[in-house]
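# Examining the three-dimensional arrangement
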Amino acid sequence: MCGIVAYIGHKPARPILLEGLKRLEYRGYDSAGIALLADDTFEIYKADGRISALEDILPTGQANEVIGIGHTRWATHGAPNTTNAHPHLDATGKITIVHNGIIENYATLKKWLLSKGCQFKSDTDSEVIANLIGYFYSTENARDGNDRPAGENKFEWAVQQALHELCGTYGLAILCSDYPDTLIGAKKGSPLILGVGENEYIIASDAAAIVEHTTQAIYLSDNEMVTVSTEGFRTMTIDNVVVTKELKDIEFSLEQIELADFEHYMQKEIAEQPTAIATCLGGRIDLTNGRVILGGIDEQLRDLTRTKRIILTACGTAWHACLVGEFLFEQLARIPAEVEYASEFRYRNPIIEDGTIVIAISQSGETADTLAAVEQAKERGATVLGMVNVVGSTIARTTDAGIYLRVGPEIGVASTKAFTAQVAVLTMLAIELGRRRHLSSDYAAALLRELNDLPEKIETILRQSDHIKQIAQANIDKENWLFLGRGVNYPVALEGALKLKEISYIHAEGLPAAEMKHGPIALITDRMPTVFIATKSSQYDKIMGNIEEVRARGGKTIIVATEGDDRIADHADHLITIPDATEQLQPILTVIPLQLLAYHAAVLRGHDVDKPRNLAKSVTVE
Ligand code: AGP
C-alpha cells in the first residue's frame, strides 16, 4: 500500500522525508516522490521505481526547506510511472498532496472539474483531490452555496470543502504555497498518524516512519484532520469541529524495525519467533490453575463462553490462522465456529443471530476488507473482537475489544511471526473457553505448559535452516508444488503454499490431503513436489496413505514429520523432522519449516524477499 511521510519543523525536510519513505518501503510500492516548500514555491521530484531512483534525480547539495511531503505509490488508478507518481499539484500550482486510498467517485468529480476548466496531467484518482482543493481555494465557491465564514482559514476551509465531496478512502498530507508554515493531514479509511516532536511534527501512514524522531503520536480517526505549524497543531473534524486527541506512546523502538545482522526482514522475523511467541504468551498463562488471562476481552469472555457461534474473519495468512482457530474452538471449547473471507463476508448480507461473536484477525489492523467486515458485523449487532498486531490501528480501534499479538512490527511482506502469534492467541482463547465449559484444569494446565514450552521447540526447528535450504535448492526448478495436511495442519498446508507463492513466485496449492484424490492427483508427476505435513496425529495413518498415492505415481515428497518417526523416512524424498507436540498445538511448529522453505526458495531464485512484486504489506484498498 502507499506510504505517506510529511514533515514540518526546524530541520531540513528532504533527508527526513527520504528516510521516512525508506522505512515504509515494506508496504510495497512502484514509484516515489517528494515535494518541498521553499517560501512560496514548490520543488517536486518524482521517479518511477525504487526510492534510489528518486534520490538519483534530486539536486546535489543541502536542501534547506523545513516543510515537505513524500509518498511511495502502490498503483491503483493509472499505471506505475512518473506522471502518476505523487505528489500531485493542482492546476493553479498552489496545492500539492500525497494520498493513500481510493476515491470511488473520482470520475464524476474529474468530469465536474474539467467542466470548470481544471487541467489534469495524470490518470490517477488522487490528482482529483488536489484539483478539488485548488478549485475551492481559488474560487471560494462552496458547492452548497455558502461562502467561507469570515475569519476562517482559507486553506483549511478549501480542504474541508473538498473532503466533503469525496467518496472512498484517504490518508492525505497537503501543502499550500500561500501557507509556507502549514501542513494539513486528513484521514478516512486509510491510516494516518501525527508524530509530535520538539517543535517538529511528522505525519505518516504508520509509526515506522516516525519512531526515529519521536515516540509520541496522535492517531487520527475517520473524518478527522489536523493542521500543523511549528507552533503546534489543531485536530478537528472535516466539519471544522475541534476534537481533542490523546497523545499516545508508539509501542515499538527503532531497533525493532532495523534489519540488524539479517539479510532480510522476513529472515529476521522467522528467527524472532521463539522470542515473539514467548512475548505473546507472557503474562497471559496461569499454569497453576490452568487458566488464561486475556485482559483486553475480560468483559466479553462471559458472552464468548455462552455463544452459540463464533465467526472468524480475515484475509490471507490471517485467514489461515482463522481456520486453525475453527478447529481449536470446536475441539477444545466445543463451540461452533466458522471462517469467512472478509472480502466475501462484507458483501454477502451475512446472517448474524443474537449472541454471535465475530473475531477479526489482522496483523496490520488496516486491511480494508477486514475492516469492512468488522463494520458489517457491528452494524448487524454482533460483538466484534480483534486479534491485531499494530497497536492503535484502525481495526484495533473499531472492534469492541481485542487481544494484541504483541510480536513487534512485522516488516516483511510475507507474514510469519504474526501468523504463529495469531495461532498462539487463538489457542490460549480456545483453552480458556474450554476451561470455562468442560475442560478439566489438569488437561488445560497440561496444554498450557506445553504451549508455554513451544518457543524452545521452534528454536530446534530453526536450527535446520541449512538443511531446509538444501531441500529448496533441490526443488527450485519445479514451477508447481502441492502442500497437503490434515485436521489442524490442513490450514498450515494452505499457509505454506501461500508463503511459497508470494515470495518465490512458484505456483503452489494447499489442500486437505484427502482432497487430492478428488482431482489434483491428476497433476502428480516427478516435476511436482508434494509437501506433506505428516506429524504424529489422529490422522497419521491416513496421510501415510496419501503419501503412497503420490509416490505410486512418481511424485516426489517433501515430508514434515515428528522426530523419532522411524516409519516415514522410506517414504520421503526429503525429510524434515520436528519435535513432537499435542496435535492441537502443532500448527505453531509445523509452519516453521514451510516458512524457511519459502524463504530459501525465494532467495535462491534471486527475488526481493521483503518486497515481492505486486504485493503490499497492508492491503488498505479493496
Ligand atoms: C501474508 O503473507 C500476506 N502478506 C497477506 O496474505 C496478509 O496476510 C493479508 O493481506 C492480511 O493482512 P493483515 O493480517 O495485515 O490483515
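Refer to the structure printed above.
This part covers the packing of helix 15 (residues 441–452) against helix 16 (residues 454–462). Running from N to C, helix 15 and helix 16 cross one another at 40°; their axes reach a closest spacing of 5 Å. The angle between the axes of helix 15 and helix 16 places the two elements in the oblique class. In this structure, helix 15 contributes Glu450, Leu451 and Asn452 to the contact, and helix 16 contributes Leu454, Pro455 and Lys457.

All right, on to the side chain of Thr356 then. As for its position among the elements, Thr356 is in the loop between helix 11 (342–345) and strand 19 (357–362). For Thr356, a relative accessible area of 3% corresponds to the buried category. Of the polar contacts made by the side chain of Thr356, one reaches the backbone oxygen of Glu353; its length is 2.8 Å. Contacts of Thr356, omitting those with residues within four sequence positions, involve Thr307, Arg309, Ile311, Ala382 and Thr383.

Our focus in this paragraph is the environment of Phe262. Counting through the fold element by element, Phe262 comes out in the loop between helix 6 (254–257) and helix 7 (265–271). A relative accessible area of 31% places Phe262 in the partly exposed class. If near-sequence neighbours (up to four positions away) are discounted, Phe262 is found in contact with Gln267, Lys268 and Ala271.

Here we come to the site of the ligand. As a structural note, the neighbourhood of the ligand is formed by 14 residues, with Ser362, Ser364, Thr367, Val413 and Glu502 the closest of them. Within the backbone of Ser415, one N or O atom sits 2.8 Å away from an oxygen atom of the ligand. A distance of 2.5 Å separates an oxygen atom of the ligand from a polar side-chain atom of Glu502. Considering the ligand on its own, with 410 Å² of exposed area, one finds that the protein chains cover 91% of that surface. Residue assignment for the shell around the ligand shows that the elements contributing at least two residues are helix 10 (316–332) and helix 18 (490–504). Residues that form the shell around the ligand fall into these classes: five nonpolar, seven polar and two charged.

Most of strand 2 (residues 31–38) is tucked away: seven of the eight residues are buried. Pairing of strand 2 with strand 3 (residues 41–48) involves eight bridges; the strand directions are antiparallel. Looking at the pairing, Ile34 lines up with Tyr45 of strand 3. Hairpin connection, strand 2 to strand 3: the antiparallel pair is bridged by two residues, and Asp39 has positive phi, about 55°. Two strands pair when backbone bridges link them, and strand 2 and strand 4 (residues 67–73) are joined in this way by six bridges, in the antiparallel orientation. Looking at the pairing, Ile34 lines up with Gly70 of strand 4.

Spatially, eight strands are ordered 3-2-4-1-10-9-11-14 in an open sheet, and the strand pairing comes out antiparallel. Each edge of the open sheet is held by one strand with a lone partner, namely strand 3 and strand 14 (248–249). Judged from the six bridges that link them, strand 1 (residues 3–8) and strand 4 form a sheet pairing that is antiparallel. Note that in strand 4 the partner of Ala6 across the bridge is Ile69.

What follows is about helix 5 (residues 154–165). Taking 1.5 Å of rise per residue, 12 residues should cover 16 Å, and helix 5 covers 17 Å from first to last C-alpha, within 8% of that figure. Counting buried positions along helix 5 yields nine of 12 residues, so the element is predominantly enclosed. Phe155, Glu156, Trp157, Ala158, Val159, Gln160, Gln161, Ala162 and Leu163 are the residues of helix 5 that are buried. N-cap assignment for helix 5: the residue whose side-chain oxygen lies 2.8 Å from the backbone N of Phe155 is Asn153.

Attention now moves to the sheet that holds strand 13 (residues 232–237). One open sheet holds the six strands; their spatial order is 5-6-7-8-12-13, and the pairing between them is antiparallel. Each edge of the sheet is formed by a strand with only one pairing partner; in this case those strands are strand 5 (88–89) and strand 13. Judged from the six bridges that link them, strand 6 (residues 95–100) and strand 7 (residues 170–176) form a sheet pairing that is antiparallel. The partner of Thr96 across the bridge, within strand 7, is Leu175. Against the sheet, helix 4 (residues 126–139) engages strand 5, strand 6 and strand 7, with an angle of about 145° to strand 6. The strands touched by helix 5 within the sheet are strand 6, strand 7, strand 8 (183–188), strand 12 (224–229) and strand 13, with strand 7 carrying the most contacts at an inclination of about 150°.

The rules behind these values
Per chain, residues are indexed from 1 in the order of the written sequence. This being a predicted model, a pLDDT of at least 70 is required before a residue's local features are given, and a value of 80 or more before pairs of side-chain atoms are given or counted; all residues contribute to the totals for chains, interfaces and linings. Values reported for side chains reflect all heavy atoms of the structure, with hydrogen atoms and water molecules removed beforehand. In this description, a line fitted to the C-alpha atoms serves as the axis of each element, helices being fitted only across the stretch in contact, and the angle between N-to-C directions of two axes falls anywhere from 0 to 180 degrees. Put simply, DSSP marks the helices as runs of H or I at least four residues long and the strands as runs of E at least two long, and each gets a number from the N terminus on. Under this scheme an angle from 65 to 115 degrees is roughly perpendicular, one under 35 degrees roughly parallel, and one over 145 degrees roughly antiparallel; angles in between are oblique. Contact definition: two residues touch when any of their heavy atoms are within 4.5 Å. For every residue, the accessible area (1.4 Å probe, protein chains only) is compared with the maximum for its type, and the residue is labelled buried under 20%, exposed over 50%, or partly exposed between those bounds. We call two N or O atoms a polar contact when they sit within 3.5 Å, provided that within protein one can donate a hydrogen and the other can accept it, with sequence-adjacent residues counted only if both atoms are side-chain atoms. Being near a molecule or strand, for a residue, means having at least one of its heavy atoms within 4 Å of it. A 1.4 Å probe and the Shrake-Rupley method give the accessible areas. Residues count as covered only by the protein chains that appear here. In this classification, the charged set is Asp, Glu, Lys and Arg, the nonpolar set is Ala, Val, Leu, Ile, Met, Phe, Trp, Tyr, Cys and Pro, and all remaining amino acids, among them Gly, are polar. For two strands to pair, DSSP has to find at least two bridges joining them. Residue count minus one, scaled by 1.5 Å, sets the expected span of a helix.

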